Amino acid sequence: MSRELSPIDKAKFVAARRAVDFVEDGMRVGLGTGSTAAFMVRCLGERVQQEGLRIRGVPTSSRTAALAREVGIDVVTLDEARWLDLTIDGADEFDGDLNLIKGGGGAHLQEKIVATASDQMIVITDAAKEVETLGAFPLPVEVIRFGWRATQALIGEVLVGMDVLGRDITLRMNGDAPYVTDEGNHILDLHLKRIGNPRQMAMVLNQVAGVVENGLFIDICDRVIVGHGDGRVETRDINEGTSEEVRLEFPEESNLFNDLTD
Ligand SMILES: O=C(CO)[C@H](O)[C@H](O)COP(=O)(O)O
């Protein structure tokens, strides 16, 4: 069923729509996870069906895989694709260097593997996710289920002496049970409020036994596409140091908005 989109949804939609302009015939494309990425997958599916665009898509979660198949994208595994031309994904926060926090949707492990196996990563987002300093959004850390409490305690120890404003660590839940990722792991959310040195944080966390991957994406994103509720879309390229703005028409009626669940 189609529903009225909020200004934030409209912002996410126009960012997604602009991002698919960067996809060319024959590309192998990493498909992110989350509500913004879901718009992008739908827009890509539209190009596949209407223009005959030929691409292979590598999804970053079981949710995205199901949606990509539904909209007619040829879905392959990363091992089949080997290497990707482009990955398009959302983010929970981004800073002026285009460093990111990801994993709010619990998929940052596959997302990081896919993004780093790509020539380019484009992040699609609304303007509210831009921050001066990362860390207001809790940092997701995927951990092995075995001994997760010990891993939590060890992470607490390594946070001492680091440039953060909070040290609470919570186990992500799915109702009454711990959240389980596509890889069968748990997620600890680190409520740091400020991450003064994200590069150091990303390296230190991955040294802790039991940690599989943290949600900091450092020097991975090449472009950010920021959508606004009025149709303006800004594209910033960190490598070229450029920024451009266009305005997209917002379709009054579109089956791109049917059955939005993500
Ligand atoms: O990292 C992610 C999933 O692991 C998402 O990209 C991030 O949570 C943003 O989600 P949304 O587009 O729904 O705001």
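Residues numbered from 1 in each chain as written. Predicted model: local features only at pLDDT ≥ 70, side-chain atom pairs only at ≥ 80, totals over all residues.

In the nomenclature of an unreviewed UniProt entry, the protein is known as Ribose-5-phosphate isomerase A of Pseudooceanicola sediminis. Looking at the protein in UniProt, the text filed under Pathway (unreviewed entry) is "Carbohydrate degradation; pentose phosphate pathway; D-ribose 5-phosphate from D-ribulose 5-phosphate (non-oxidative stage): step 1/1." The UniProt entry for the protein carries the following text under Function (unreviewed entry): "Catalyzes the reversible conversion of ribose-5-phosphate to ribulose 5-phosphate." (UniProt positions renumbered as here; feature names shortened; annotations may be inferred.)

Bringing the overall build of the protein into the picture now. Across its full length, the protein holds seven helices and 17 strands. The C-alpha radius of gyration computed for the protein amounts to 18 Å, which stays within 12% of the reference 18 Å derived for 262 residues, consistent with globular compactness. For the protein, the spread of C-alpha atoms along the principal axes amounts to about 55 × 35 × 35 Å. Looking at the protein as a whole, 44% of its 262 residues qualify as buried. (Helix = DSSP H or I, 4+ residues; strand = E, 2+ residues; numbered from the N terminus. Rg over C-alpha atoms; globule rule 2.2 N^0.38 Å. Buried ≥ 20, exposed ≤ 12 C-beta atoms within 10 Å, placed from the backbone.)

On to the site of the ligand. Lining the immediate environment of the ligand, one finds 18 residues, of which Gly-34, Thr-36, Gly-90, Gly-104 and Gly-105 sit closest. Elements with a contribution of two residues or more to the shell around the ligand: helix H2 (35-51) and helix H5 (108-116). Element by element, the count of residues in the shell around the ligand is highest for H2, at three residues. Looking at side-chain class alone, the shell around the ligand contains three nonpolar, eleven polar and four charged residues. (Near = placed C-beta within 6 Å. Nonpolar A, V, L, I, M, F, W, Y, C, P; charged D, E, K, R; others polar.)

Domain assignment breaks the protein into domain 1 (7-129 + 219-238) and domain 2 (139-214). Put simply, the middle of domain 1 and the middle of domain 2, counted by C-alpha atoms, are 25 Å apart. Looking at the side of domain 1 that touches domain 2 element by element, the count peaks at four residues for H5. (Domains from an automatic or database assignment.)

Strand pairing in a sheet relies on backbone hydrogen bonds, with the paired strands running either antiparallel or parallel. Read from one edge of the open sheet, three strands run E5-E6-E14, paired in antiparallel fashion. Each of the sheet's edge strands pairs with one partner strand only, and the pair in question is strand E5 (93-94) and strand E14 (216-217). (Pairing = 2+ DSSP bridges.)

What follows concerns the environment of Thr-242. Following the sequence through the fold, Thr-242 ends up in strand E17 (residues 242-247). Looking at Thr-242, the number of C-beta atoms within 10 Å reads 10, which means it is exposed. Along the sequence, Thr-242 and Ala-16 sit 226 residues apart, while their C-alpha atoms lie 19 Å from each other.

Time to look at unusual backbone geometry. A positive phi angle, near 70 degrees, is found at Arg-82, a position not held by glycine. Structurally, the position occupied by Arg-82 is in the loop between helix H4 (78-81) and strand E4 (84-89). For Arg-82, a count of 10 C-beta atoms within 10 Å gives the class exposed. In this structure, Asp-219 takes a positive phi of about 55 degrees despite not being glycine.

According to UniProt, the positions carrying the feature "active site" (unreviewed entry) are Glu-111. With respect to the helices, strands and loops of the structure, Glu-111 is situated in helix H5. Dropping the residues within four chain positions of it, Glu-111 is found in contact with Gly-32, Thr-33, Thr-60, Asp-89 and Lys-102. (Contact = placed C-beta atoms within 7 Å.)

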